[in-house]
Amino acid sequence: MVTRINIKELESGGLKIKGLELTVGKFTEFDEWAEPMGPTPYPSLMDLREWDLRLLERYPPFYSPLSDFCEFCTYGKCDLTAGKRGACGIDMAGHMGKWVLLQTVMGTSAHTTHAHHLLNFLIKQYGPDQPINLGGEVEIEAPITRLITGIRPKKLSDLVDVVNYLEGQITHLLSATATGQEQNYLDYESKALHAGMLDILALEVADIAQISALGFPKGDAETPFIEVGMGVVEREKPVILCIGHNVAPGSEVIDYLNETGLYGKVEVAGVCCTASDLARFSSGAKIVGPISRQLRFIRMGIADVVIVDQECVRADVIEEATKVGSRVIATSDQLVGGLPNYTNIDDDIVVSRLVSGEELAVVIQDPVKVGRVAVKAARLIAPLRLNQKGYNRNEIVAKAAACSLCLSCTKNCPIGINVGLAVNTAKRGDQSLLLEVFDECLGCARCDAACPNDIPVLTVIDAASEDKIRNERFKIRAGRGPIKDTEIRNVGRPIVMGEIPGVVVFAGCANYPGGNYDLAKMADEFAKRRYIVVTSGCSALDIARYKDENGQTLYEKYPGAFDAGCIVNLGPCVSNAHAVGAVVKIASIFAKRNLRGNFEEIADYILNRIGAVAIAWGAQHQKAMSIATGANRFGIPVILGPQGVKYRRAYLGRSEDYERWLVYNAKDGRRVYVGPTPEHLLCVVETAEEAMVTAAKLVMRPNDTPKGRMIKLSNYVSLHRQFYGGLPEDLHLFVRDENDLPITMKDEILTLIKQKGWKPTEIPDPTLLSRMIFGGR
């Protein structure tokens, strides 16, 4: 058992101790890392509470409850409207704070178990001493881990303590949600911010472990192009489809194919983040698409074997896959689906039972065994299933004849597509509307469940669109992982000075109306304006499913470097850690701030100086909420849209409240007004146009130089004019003196802001931390 004693400051009886950390019960190698330990290594729920309360004072939570009642315990249901309290004493704000914390812990625990499973597997396969190696130009290999825990991991086993810390903190956080525990909504929010920060740490652990052990790209700007789309899989071959987030089973499939000389004779494809990781592992792996393609591809019956691991796996995958004759192997203890456990059964017996149909789906928790069984089973099953692959188009579309145009499907569509009209039009022989619906559909199949005439609406849409599906082929750069230290040295100064207008990160699922067009349009617009555009997860995949007028995807159109006017695909969801890690590295490499256990100072630096913003477009589930909340604790604003209002919580600033926008001038300790920069920490938008204008505003920081603020204002005004016409009404809040004004618009803007009573303000050395006055001396 390992026990840590951490004494920040103690003075008693002539004894004075400061910054003592003692570990008992474990041999610790001499650490030659010269950087001094900061004040909060391995922070507890309380250690960063003051930082959270500063953020929450400026950006108070805004709630939009789904219900007026609390039903968390057997006292319920309790009416919490109009200031009423429930039987346990909780009010609506406390109830919502608890709900937010639960959602965030769900997401964090999912990513932490992912890191746990992956790390255990990699240590078993490659040994505990496998070096953490992110490449020759990445000296700060784990910025988040260094910042939060105070350790510098050198080998896989060093990450075990980090996972243990994560799991311990999650237990404490979850216990706070039990009835009779936490009761103040701001402290619920502080704990949610803590959970979010832990989530970013879990992401980093998972990704640096797999990059180091599996040979993924190490920050290369020009990674190989990978095919993506529902038409890229060669259905004539045996097909193995991997779904989820843990790459281990899929990578073992590829390893087994290589070992047996079968590589290229079996198709290995994936959906969602596992697909992104398979493409990092092998350029021969195929990416079917984001989560919205999951059910649709399964129903096509192309996969002979479906491997599911954890996270983002539909709850009906096993049922849907076995309906079309695919065999399923579940591999994670998070998802066993009521299936028999064949982990310890001989391979030949498992394969025999899967091929004969005695078992259509089984659990195998050993990734190496999964690799062997999946390949053997797929090769034997594929010849028997050739007539089950793809749709009988005419037969399926004929099912539209039962449509009565009741529009139940339309009313139940989460993004309001007029599905009913398209199906009813097909009934009369015109399938053109079905083809239009295909491009916008989320693939959730709520229309199927709603249809009183049992029409398989989603399948009808896809069958009518089979020609489109066969030709759906795009290109994406494989996820590159970390941002190199050398890149940070090049862009750190222009980002902090504001001369690169900002870093815009696109992360999220595929839960939006209008298909992927809006997402790609935003990425294209910001890249053209020379922002640094970063993508990850399903957003990265959906951006690839768009071609410009020259037939290029955005990844073919723009370079993949972390630089102005480039589009960087980091990789799957766990690679989001590198987006946060990049801004942490700017504080370390450019500003020479210590990282080690020094969270508060670095987050303060990011909030006041680094113009980064994330757009979680189409975010769907709890993991997106935990990632966004984690980014917020680091001082990075997040825009949720267009379904983001369903998360029911935002952190909104009040631009008119002068007192909220006072910071310390670190040079002399005076309190100085800096305007609403950034105005919100977590906000919701409905349209891509609103998201672009909001992002251009949220990258402004108090520390911007006049030239940098001029560039940012120029983009803000230009985008506002482009989409809304005219100058923004709040422009006077962001102009500090006339040197901030874009030269070509100076007179026009000056006239407007003077009408608003504008007066010049100064540019301080901004900080929210009193201890940073006089540079922390």
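This text follows the structure it describes.
Residues numbered from 1 in each chain as written. Predicted model: local features only at pLDDT ≥ 70, side-chain atom pairs only at ≥ 80, totals over all residues. Heavy atoms only, no water.

## Remarks on helix α11 (residues 367-381)
Given 3.6 residues per helical turn, the α-helix brings residues three or four places apart onto the same face. Compared with an ideal rise of 1.5 Å per residue, which puts 15 residues at 21 Å, α11 spans 20 Å between its outermost C-alpha atoms and is within 8% of the ideal. Among the residues of α11, Pro 367, Lys 369, Val 370, Gly 371, Val 373, Ala 374, Val 375, Ala 377, Ala 378 and Ile 381 are the ones counted as buried. Close packing links the buried residues of α11 with α2 (92-126), β7 (239-243), α6 (248-259), β10 (305-308), β11 (327-330) and α10 (347-356). Where α11 begins, one side-chain oxygen reaches toward the backbone nitrogen of Val 368, 3.0 Å away; that side chain belongs to Asp 366. (Helix = DSSP H or I, 4+ residues; strand = E, 2+ residues; numbered from the N terminus. Expected span 1.5 Å × (residues − 1). Buried < 20%, exposed > 50% of the residue type's maximum accessible area, 1.4 Å probe, protein only. Contact = heavy atoms within 4.5 Å. Polar contact = N/O pair within 3.5 Å; in protein donor to acceptor, adjacent residues only side chain to side chain.)

## Examining the sheet that holds strand β3 (residues 61-63)
Spatially, β3-β19-β22-β18-β17-β14-β15-β16 is the arrangement adopted by the eight strands of the open sheet, whose pairing is mixed. Each having just a single partner strand, β3 and β16 (567-569) make up the two edges of the open sheet. Each strand of the sheet is rotated relative to its neighbour by a mean of 25 degrees, with strand direction disregarded. Bridge count between strand β18 (residues 638-641) and strand β22 (residues 680-684): three bridges; the pairing is parallel. Bridge pairing links Ile 639 to Cys 683 in β22. (Pairing = 2+ DSSP bridges. Axes fitted to C-alpha atoms, helices over the stretch in contact; angles between N-to-C directions.)

## A closer look at the packing of helix α5 (residues 185-214) against helix α25 (residues 622-633)
At a closest axis distance of 7 Å, the pairing of α5 and α25 adopts a crossing angle of 100 degrees. With respect to α25, the axis of α5 lies roughly perpendicular. Contact residues: α5 offers Ser 190, Ala 192, Leu 193, His 194, Gly 196, Met 197, Asp 199, Ile 200 and Leu 203, while α25 offers Ser 626, Ile 627, Thr 629, Gly 630, Ala 631, Asn 632 and Arg 633. A class-by-class count of the residues in the contact of α5 with α25 yields seven nonpolar, seven polar and two charged. (Parallel < 35°, antiparallel > 145°, perpendicular 65-115°, else oblique. Nonpolar A, V, L, I, M, F, W, Y, C, P; charged D, E, K, R; others polar.)

## A short note on empty space enclosed by the protein
Enumeration over the complete set of coordinates arrives at eight cavities of 30 Å³ or more. For the largest cavity, the calculated volume is near 290 Å³. Of all the secondary-structure elements, those providing two or more residues to the lining of the largest cavity are β14 (503-507), α23 (576-590), β17 (612-617) and α25. Sorting elements by how many residues they give to the lining of the largest cavity places α25 first, with five residues. Taken together, the residues that form the lining of the largest cavity break down as 19 nonpolar, four polar and one charged. (1 Å grid on protein atoms, 1.4 Å probe; cavity = no way out; pocket = protein on both sides within 12 Å on 5 of 7 lines; lining within 4 Å. Points joined across faces, edges and corners; volume = space filled by probe spheres on them.)

## Quick notes on the layout of surface pockets
Its boundaries defined by the atoms lining it, the largest pocket holds a volume of some 960 Å³. Taken together, 35 residues line the largest pocket, and the ones lying closest to its centre are Ile 291, Cys 312, Gln 620, His 621 and Gln 622. When residues of the lining of the largest pocket are traced back to their parent elements, those giving at least two are α2, α8 (294-299) and α25. Tallied by class, the residues present in the lining of the largest pocket amount to 15 nonpolar, 14 polar and six charged.

## Comments concerning the nonpolar core
The tendency in soluble globular proteins is for nonpolar side chains to be buried as a group. One finds Phe 506, Phe 526, Phe 562 and Phe 634 to be the most contacted residues of the largest nonpolar core, which totals 268 residues. Not counting chain neighbours up to four residues away, the residues in contact with Phe 634 comprise Ile 144, Leu 147, Ile 148, Met 197, Ile 200, Val 580, Val 584, Phe 599, Ala 603, Ile 606 and Leu 607. (Core = buried A, V, L, I, M, F, W, Y, C linked by side-chain atoms within 4.5 Å.)

## Brief notes about the pattern of salt bridges
Enumeration according to the criterion identifies 55 salt bridges in this entry. Among the ionic pairs, Lys 369 bridges to Asp 347, the shortest N-O distance being 2.7 Å. Pair noted here: Lys 369 is in helix α11 and Asp 347 is in helix α10, with a separation of 22 residues, a long-range link. Considered together, Lys 369 and Asp 347 belong to a single accessibility category, that of buried residues. Ionic contacts of the salt-bridge type, sharing partners, join the residues Arg 299, Glu 319, Glu 320, Lys 323 and Asp 448 into one network. (Salt bridge = Lys/Arg side-chain N within 4 Å of Asp/Glu carboxyl O.)

## Comments concerning the environment of Ala 520
Here Ala 520 shows up in helix α20 (residues 517-528). Remark: the alpha-carbon pair of Ala 520 and Asp 542, spanning 22 residues in sequence, is separated by 7.7 Å. Excluding anything up to four places from it in sequence, Ala 520 contacts Ile 543, Tyr 546 and Leu 554.

## A closer look at the packing of aromatic side chains
This structure, assessed with the given rule, holds nine aromatic pairs. Ring geometry for Tyr 59 against Trp 661: centres 5.9 Å apart, planes inclined by 70 degrees, an arrangement best described as edge-to-face. With Tyr 59 in the loop between α1 (49-58) and β3 and Trp 661 in the loop between β19 (649-652) and β20 (662-665), this pair connects stretches of sequence that are 602 residues apart. Overall, Trp 661 belongs to the buried group, its relative accessible area being 0%. With 6.1 Å between their ring centres and 85 degrees between their planes, Tyr 716 and Phe 734 make a pair best called edge-to-face. Pair noted here: Tyr 716 is in helix α27 (residues 706-723) and Phe 734 is in the loop between α27 and α28 (746-755), with a separation of 18 residues, a long-range link. By relative accessible area, Tyr 716 is classed as buried at 2%. Taking the relative accessible area as the measure of exposure, Phe 734 reaches 0% and is therefore buried. Here the guanidinium or amino end of Lys 77 rests over the ring plane of Phe 69, the centre of that ring lying 4.8 Å away. (Phe/Tyr/Trp six-rings, centres within 6.5 Å; stacked < 30°, edge-to-face > 60°. Lys NZ or Arg CZ within 6 Å of the ring centre and 35° of its normal.)

## Some thoughts on the sheet that holds strand β23 (residues 766-767)
Spatially, three strands are ordered β21-β20-β23 in an open sheet, and the strand pairing comes out antiparallel. Looking along the sheet, the strands with just one partner apiece sit at the ends: β21 (671-673) and β23. Pairing analysis gives three bridges linking β20 to β21, with the strands arranged antiparallel. Across the sheet, the residue bridging to Tyr 664 is Arg 671, located in β21.

## Observations regarding the environment of Lys 323
Tracing the sequence through the fold places Lys 323 in helix α9 (residues 317-323). Sequence separation of Lys 323 and Gly 107 is 216 residues, and the distance between their C-alpha atoms is 31 Å.

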